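For reference, the chains in residue letters:
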Amino acid sequence: MDTEWRSGNGIDLLPDSRRFVPALLEAIDEAEESIWFEQYLVESGRVTRRFFDALIRAAKRGVEVRVLLDSFGASGLGQRDRTRLSTAGVALRHYNPFMMRRLRRNLVRNHRKLILVDRRVVYTGGYCLTDDYLGDWFDLVVQAEGPVVEDWITLFADLWESSRTRGDRAQVERRSLGAQAGGMKARLMHNEGHRRPTIRCSLHQRIIEATRRLWLYTPYFLPSRQLRRLITEAAGRGIDVRLLIAGEGHDHPTVHLAGQRHYGPLLEAGVRIYEYQPRFTHAKFCIADDWVTVGSCNFDHWSLHWNLEANLEVESADFARTLAGLFDEHCADSRPIQGRAWSQRSRAQRTREHAAAMVSAWLAGLR
Ligand SMILES: O=P(O)(O)OC[C@H](O)CO
């Protein structure tokens, strides 16, 4: 499925779970016709219960509810929660259940995160359904209305009907109800690992074309050699290049260490690197001039080479300004990594980075 730029969209940013969780629950509660829900990581707990309660309320009032989960990402979802959904009439399908005879295929996961309400509005971002969000992790969601929603409908429906998903056989109606909703230009970009690396290609192209700024925000910074080269070259052209990476309370310390191994050459090239301190941040987006890409995709080899991912790209000075404002705020709450101090870090730290990078390189090399 190739997607095009669509004009006439309304796009809003919902930063922080304190804002987007109530907004998503309200949208589910106000749905009149359909809710299509796609998620990677879902664990039984308080956050999942709140979402499932809302989905069950919707199904009971006659709304068509379809839930598409990654079979590995949903392994922490208990049978009781699954039964609650099916008893209420919610159709549930799983992507790529584990198969012994196709071991490598098991590594391909559906990492997309989206909620489509009434085939009229889509919500996407980095959020998962885990209790980590109870006031602790930072993340963000974007809400999009308008012609771009049609592509998200096709995205969901194609996977729902594909032989790569298993479960309830319920139908989905593909007709979009999205109308003109604003003046923003947007498009859906979706990856299917290295077989269809569209998000990666689009990101690389924008980095090459950037003339003013390249700001990258990510919890997991495991860039390929090519991405590191492009970032370094952008800084070499005199562009304002910044990386904002999760620091304090990181949920995967090994990934954090492996990413730190790349700091030295980037700092030398003039890239400014910040590690966010107040709490763990799980948001993922990139701003290149007035272009923004935001969604499920991390800047690591899992997202860029293995997973199914979906991002919204937006070409808008206003939207870029809004996200840049958030980036600036978070920079102010971050530890700037200073080149000189970094080059003098301890031997023990360097050894830990090296070991973590070896594990990560091995994983990247699996493909
Ligand atoms: O893969 P993500 O970006 O949804 O993050 C999931 C968390 O890392 C789980 O610890």
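Residues numbered from 1 in each chain as written. Predicted model: local features only at pLDDT ≥ 70, side-chain atom pairs only at ≥ 80, totals over all residues. Heavy atoms only, no water.

## Describing the packing of helix α5 (residues 198–209) against helix α6 (residues 225–236)
Taken N-terminus to C-terminus, the directions of α5 and α6 make an angle of 20°; their axes are 9 Å apart at the nearest point. With respect to each other, α5 and α6 are oriented roughly parallel. Like other packed secondary-structure pairs, α5 and α6 cross with a definite hand, here left-handed. Of the residues in α6, those touching α5 at Leu203, His204, Ile207 and Ile208 are Gln226, Leu227, Leu230, Ile231 and Ala234. (Axes fitted to C-alpha atoms, helices over the stretch in contact; angles between N-to-C directions. Helix = DSSP H or I, 4+ residues; strand = E, 2+ residues; numbered from the N terminus. Parallel < 35°, antiparallel > 145°, perpendicular 65-115°, else oblique. Left-handed = near helix turned anticlockwise from the far one by under 90°. Contact = heavy atoms within 4.5 Å.)

## A closer look at empty space enclosed by the protein
In the structure shown here, the tally under the stated rule is one cavity of 30 Å³ or more. Counted as a void, the largest cavity has a volume near 30 Å³. In terms of lining, the largest cavity is formed by Phe20, Val21, Val47, Phe51, Tyr127, Cys128, Leu129 and Tyr133. The set of elements that each furnish at least two residues to the lining of the largest cavity consists of α1 (17–30) and α2 (46–60). Class assignment of the residues belonging to the lining of the largest cavity gives a composition of eight nonpolar, no polar and no charged. (1 Å grid on protein atoms, 1.4 Å probe; cavity = no way out; pocket = protein on both sides within 12 Å on 5 of 7 lines; lining within 4 Å. Points joined across faces, edges and corners; volume = space filled by probe spheres on them. Nonpolar A, V, L, I, M, F, W, Y, C, P; charged D, E, K, R; others polar.)

## Focus on the domain arrangement of the protein chain
Domain annotation for the protein chain reports domain 1 (7–163) and domain 2 (192–364). For domain 1 versus domain 2, the separation of C-alpha centres amounts to 26 Å. Contacts between domain 1 and domain 2 engage 32 residues on the former and 28 residues on the latter. The contact between domain 1 and domain 2 buries some 2,400 Å² in all, and 71% of this surface belongs to carbon and sulfur atoms. Viewed at the interface, domain 2 and domain 1 are joined by one salt bridge. Among the ionic pairs, Asp16 bridges to Arg279, the shortest N-O distance being 2.7 Å. At the level of secondary structure, the elements contributing two or more residues to the side of domain 1 that touches domain 2 comprise β1 (6–15), β6 (121–125), β7 (140–145) and α4 (149–160). With four residues, the top contributor of residues to the side of domain 1 that touches domain 2 is β1. (Domains from an automatic or database assignment. Buried area = accessible area lost by both parts, 1.4 Å probe. Salt bridge = Lys/Arg side-chain N within 4 Å of Asp/Glu carboxyl O.)

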